[in-house]
Protein chains: 2
Amino acid sequence: MSILVNDNYNNLEKNYLFSNIAKKVNAYVAANPDKKVIRLGIGDVTLPLTKTVIEAMHKAVDEMADQSTFRGYAPETGYDFTIKAVQNHYASFGVELASNEVFISDGAKSDCGNITDIFGDNEILIPDPVYPVYMDSNIMCGRKINLVDANQENGFLPMPAGVEKKSYIIYICSPNNPTGAAYTTAQLKEWVDFANETDSIIIYDSAYEAFIKEDYPRSIFAVEGARTCAIEICSLSKTAGFTGTRMGWTIVPAQLVRSNTELNPMWNRRQSTKFNGVPYIVQRAGEAALSEQGYAECQENIAYYMENAKMIADVLDEKGIWYTGGINSPYIWLKCPNGMGSWEFFDYLLNELQIVGTPGAGFGKQGEGYFRLTSFGSHEATAEAVERIRKTL
Amino acid sequence: MSILVNDNYNNLEKNYLFSNIAKKVNAYVAANPDKKVIRLGIGDVTLPLTKTVIEAMHKAVDEMADQSTFRGYAPETGYDFTIKAVQNHYASFGVELASNEVFISDGAKSDCGNITDIFGDNEILIPDPVYPVYMDSNIMCGRKINLVDANQENGFLPMPAGVEKKSYIIYICSPNNPTGAAYTTAQLKEWVDFANETDSIIIYDSAYEAFIKEDYPRSIFAVEGARTCAIEICSLSKTAGFTGTRMGWTIVPAQLVRSNTELNPMWNRRQSTKFNGVPYIVQRAGEAALSEQGYAECQENIAYYMENAKMIADVLDEKGIWYTGGINSPYIWLKCPNGMGSWEFFDYLLNELQIVGTPGAGFGKQGEGYFRLTSFGSHEATAEAVERIRKTL
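Source: prediction; values computed, not measured.

(A) Spotlight on the overall build of chain A. The number of helices and strands found in chain A is 11 helices and 15 strands. For chain A, whose C-alpha radius of gyration is 21 Å, the value lies close to the compact-globule estimate of 21 Å for 393 residues. Residues classed as buried in chain A amount to 63% of the 393 residues present. The long-range share in chain A, meaning contacts at least 24 apart out of those at least 6 apart in sequence, stands at 74%. As displayed, chain A has an accessible area near 14200 Å², and 49% of this comes from carbon and sulfur atoms. Positive and negative side-chain charges in chain A, numbering 34 and 48 respectively, have mean positions lying 4 Å apart.

Here's what the structure looks like:
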């Protein structure tokens, strides 16, 4: 007689990636206190919140101080003004959403994890390498996980051709974390057609959509047929520097039906039961970030990061090192030179050039031999790192 | 071939309680535009955030505007300063917690819902009437639910005597929502002993602990033996008026083991995988609310609400109407006079006295014939409602 725990947790692997990196860097710094280490492994934004967002938050804080404007419980799925701001954002790239299709949340990671709640025991299809939450949240509920290989041959953009035709929950992240590769509309259409044909569901993570510069889709709902097979999860974390401010959203189209059940009211019920809404102050911040002026400021910050990406891409081009990303994404995913493994190259960069990056092997088996650099550093630090690579590598 | 949905959702009942109330009130107001309706059904705070909290938030917003003080991703389980503030709060009533036992979250509702993730297929024990989230979140994962009756005989504080000895997940809310009744230390000790004996787990919801005036336990961990059988979920929603600001926490003791598994690292893994932390600004607000000055201000607001509760309790005493709550809780739970049913009394109060309350039947079968009034209104409105009751009931 005892309470049973969720023993699927036993199947989780401990993720030592970032703690191993920290250990190696700390040891190097302790042994070489005079050396200047530059961190290009950061997956977090570094520029502060923009002026429009800050003003909106100060105003909202003042409203919370006055009984006549104080706000208590928010609607669990978001204030009308926040939902409207998201609708307007999507309309700016040609995607029309109904207000009850937009669910405001505290971020993409929560929604990616919690979306498993509304599904039964399905098989999962996940690209390798990938953002670890897709994998871990499904291991936690005991789902059978199928990996689809991303590799240099497919430009780290795996396609459905060759995948066994079954119903899956399919995870797609575009522009991709960690590879920075982005699907074209034609490529996404293949996935949408596959999902509709097999009665699958696509969980589409568009957290990096604001970095898209070229004519790539900003939302899966820009692709014909997606409203009958896809759920989209997005966030202001990278768009507006909200990693420590926390606002995102999930789109569940009204037309999305599986096993004779509409998924939109299911997600509504899930969120209304297990979530109590995003802070009023944060929703005002989100509204501001998506306003015309606010979004222009966000784009200035993104342009700053993308100048870093350009510097990194240029030196890799000079050296003839294969990479993807860095155009529609803050991430550059490169093949380790001279046949080095991911951790071997990590050690080389740290010890010889005092540059810290992220070993691709940490994101899945197919990441072995690859390496992630990010553009979230300062211009000065990135330029110095690039100069070291130019001289030494 | 199709994706399976979580068909446990089919077993959820739609909760029409608050929408039915709104419909009836709106119809009455439309038909009687000259009548002044007073709302004593509010389950939300109405006083604004306090000065210390507001100042802390403005300061944190300014920090987010400056690159040198900007904060990106927070630790998923909370900043050290927030955890320290919670530890100090518990120490103020004699409960010592280790820092890794405190998990900062966006509120009690999220944690109550999400805690089901770490358990297997256990039987559930829930008092009736009760806060609907305990029930619904367990229906969503297909658990067998056993109800234990709260009623006038047990003072709406059901005890384990008579409960079949099996392993359960036991939900206890004290002071209780909706009844306002609070367990003594001796009563909670009986539940703790029952849980340890049966290898059960208590999920203890202490969201109203700051309202406790008498010598009742503020935390289940004030009760001997609780560290081997209980998880506590708390929130600043009612303590500090954070219903629209969103911060709470869950305590999972290091000693809590079931099925040879430590639950503390499981909850840590759940939160690290499916949650990305509470906004920096909100954590600074929470720290401020729990500071000496901040908490004194919160207690002033609580004292204001409790003056309302006293007014309501006094008139019920005068009328000889049975009730519980109103001393260690903002809620008063009364027996409908003259044998009226919950909705019958609702209609009577609305039509004859123009007072809105909440029918007890909305919180479970055992709530039939009872009624909830709350102290979250203004002094003026509460005094007028009380005067109407005094004259007419």
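The discussion continues.
(B) Highlighting the relation of the copies chain B and chain A. Mapping chain B onto chain A leaves a residual RMSD of 0.0 Å; the transformation is a rotation of 180° accompanied by 0.0 Å of translation along its axis. When the rotation and shift are considered jointly, the pair of chain copies conforms to a two-fold rotation axis. In terms of proximity to the rotation axis, the leading residue of chain B is His58 of chain B, whose C-alpha is 3.1 Å off the axis. Comparing interface residues between copies, 100% of those in chain B also lie at the interface in chain A; the contact surface is shared.

(C) Highlighting the interface of chain B and chain A. At the interface, 81 residues of chain B touch 81 residues of chain A. The largest share of the area that chain B buries against chain A comes from Ile3, Arg269 and Lys274 of chain B, three residues that together contribute 12% of it. Our count for the contact surface shared by chain B and chain A stands at four salt bridges. Where Asp136 of chain B meets Arg269 of chain A, a salt bridge forms, and the shortest distance between an N and an O atom there is 3.0 Å. Only α2 (51-64), α4 (108-114), α5 (132-139), β5 (168-173), α6 (185-198), α7 (263-274) and α8 (280-289) of chain B provide two or more residues apiece to the side of chain B that touches chain A. Top contributing element to the side of chain B that touches chain A by residue count: α7 of chain B, with seven residues. Within the side of chain B that touches chain A, the residues separate by chemical class into 32 nonpolar, 27 polar and 22 charged.

(D) Highlighting the side chain of Arg246 of chain A. Along the chain, Arg246 of chain A turns up in the loop between β7 (230-235) and β8 (248-251). Buried within the structure, Arg246 of chain A lacks any salt-bridge partner; Asp106 of chain A is the closest side chain of opposite charge, at an N-O distance of 5.3 Å. Within polar-contact distance, the side chain of Arg246 of chain A engages the backbone oxygen of Asp106 of chain A at 3.2 Å. At a separation of 3.5 Å, a polar atom in the side chain of Arg246 of chain A contacts the side chain of Ser237 of chain A. Discounting chain neighbours no more than four positions away, the residues touching Arg246 of chain A are Ser105, Asp106, Gly107, Ser237, Val278 and Val282 of chain A together with Tyr73, Asn276, Gly277, Val278 and Pro279 of chain B.

(E) A look at the packing of aromatic side chains. All names here are of chain B. Applying the stated rule across the entire model yields 48 aromatic pairs over all chains. For the pair Tyr90 and Phe93, a centre-to-centre distance of 5.2 Å together with 55° between the ring planes defines the contact as tilted. Here Tyr90 matches Phe93 in class, with each residue buried. For the ring pair Phe345 and Phe371, a centre distance of 4.9 Å and an interplane angle of 85° mean the geometry is edge-to-face.

(F) Structural view of the domain arrangement of chain A. Residues and elements named next belong to chain A. In terms of domains, chain A is made up of domain 1 (15-44 + 301-392) and domain 2 (51-290). Computed over C-alpha atoms, the centres of domain 1 and domain 2 are 28 Å apart. For the pairing of domain 1 and domain 2, the buried interface totals around 2100 Å² over both sides, and the portion due to carbon and sulfur atoms is 59%. Sorting the residues of domain 1 by area buried against domain 2 places Ile302, Asn328 and Gln366 first, and these three jointly supply 33% of that buried surface. On the surface where domain 1 and domain 2 come into contact, there are zero salt bridges. Of all the secondary structure elements, the ones that give two or more residues to the side of domain 1 that touches domain 2 are α9 (292-319), β11 (323-325), β12 (331-335) and β15 (370-374). Ranked by residue count, the leading element in the side of domain 1 that touches domain 2 is β12, at three residues.

(G) Molecular detail of the sheet that holds strand β4 (residues 145-149) of chain A. All names here are of chain A. With mixed pairing, seven strands are arranged side by side in an open sheet as β2-β8-β7-β6-β5-β3-β4. In the strand order of this sheet, the two ends are held by β2 (102-105) and β4, each with one partner. Averaged over all adjacent pairs, the angle separating strand axes in this sheet is 20°, with direction ignored. Bridge count for strand β3 (residues 123-128) against β4 is five bridges, and the pairing is parallel. Residue Pro127 lies in a different strand from β4, and its bridge partner there is Val148. In the packing of helix α7 (residues 263-274) onto the sheet, the strands contacted are β2, β6 (201-205), β7 and β8, and the crossing angle to β2 comes to about 25°.

(H) Looking closely at the environment of Asp136 of chain B. In this structure, Asp136 of chain B sits in helix α5. Spatially, the C-alpha atoms of Asp136 of chain B and Pro160 of chain B are 23 Å apart, while their sequence positions differ by 24 residues. For Asp136 of chain B, the contacting residues outside a window of four places in its chain are Arg269 and Thr273 of chain A together with Leu12 of chain B. Reaching out from Asp136 of chain B, the side chain makes a polar contact with the side chain of Arg269 of chain A at a distance of 3.0 Å.

(I) Inspection of the sheet that holds strand β14 (residues 358-359) of chain A at higher detail. Residue and element names in this part refer to chain A. Pairing is antiparallel in the open sheet, where four strands are placed in the order β11-β12-β15-β14. Since the sheet does not close on itself, it has two edges, and those belong to β11 and β14, each with one partner. One ladder, built from five bridges, connects β12 with β15; its direction is antiparallel. Bridging across to β15, Trp333 finds its partner in Arg372. Its contacts with the sheet place helix α10 (residues 342-353) against β12, β14 and β15, and it is angled at close to 45° to β15.

(J) Examining helix α11 (residues 379-392) of chain A more closely. Residues and elements named next belong to chain A. Compared with an ideal rise of 1.5 Å per residue, which puts 14 residues at 20 Å, α11 spans 20 Å between its outermost C-alpha atoms and is within 8% of the ideal. Buried within α11 we find His379, Thr382, Ala385, Val386, Arg388 and Ile389. For α11, the elements touching its buried residues are β1 (38-39), α9, α10 and β13 (355-356).

What counts, and where the lines are drawn
- Residues numbered from 1 in each chain as written.
- Chains lettered and ligands numbered in written order.
- Predicted model: local features only at pLDDT ≥ 70, side-chain atom pairs only at ≥ 80, totals over all residues.
- Heavy atoms only, no water.
- Helix = DSSP H or I, 4+ residues; strand = E, 2+ residues; numbered from the N terminus.
- Rg over C-alpha atoms; globule rule 2.2 N^0.38 Å.
- Buried < 20%, exposed > 50% of the residue type's maximum accessible area, 1.4 Å probe, protein only.
- Contact = heavy atoms within 4.5 Å.
- Areas by Shrake-Rupley, 256 points an atom, 1.4 Å probe, with all protein chains shown as cover.
- Lys, Arg positive; Asp, Glu negative; His and termini not counted.
- Charge placed at Lys NZ, Arg CZ, Asp CG, Glu CD.
- Least-squares fit on C-alpha atoms with pLDDT ≥ 70 in both.
- Buried area = accessible area lost by both parts, 1.4 Å probe.
- Salt bridge = Lys/Arg side-chain N within 4 Å of Asp/Glu carboxyl O.
- Nonpolar A, V, L, I, M, F, W, Y, C, P; charged D, E, K, R; others polar.
- Polar contact = N/O pair within 3.5 Å; in protein donor to acceptor, adjacent residues only side chain to side chain.
- Phe/Tyr/Trp six-rings, centres within 6.5 Å; stacked < 30°, edge-to-face > 60°.
- Domains from an automatic or database assignment.
- Pairing = 2+ DSSP bridges.
- Axes fitted to C-alpha atoms, helices over the stretch in contact; angles between N-to-C directions.
- Expected span 1.5 Å × (residues − 1).

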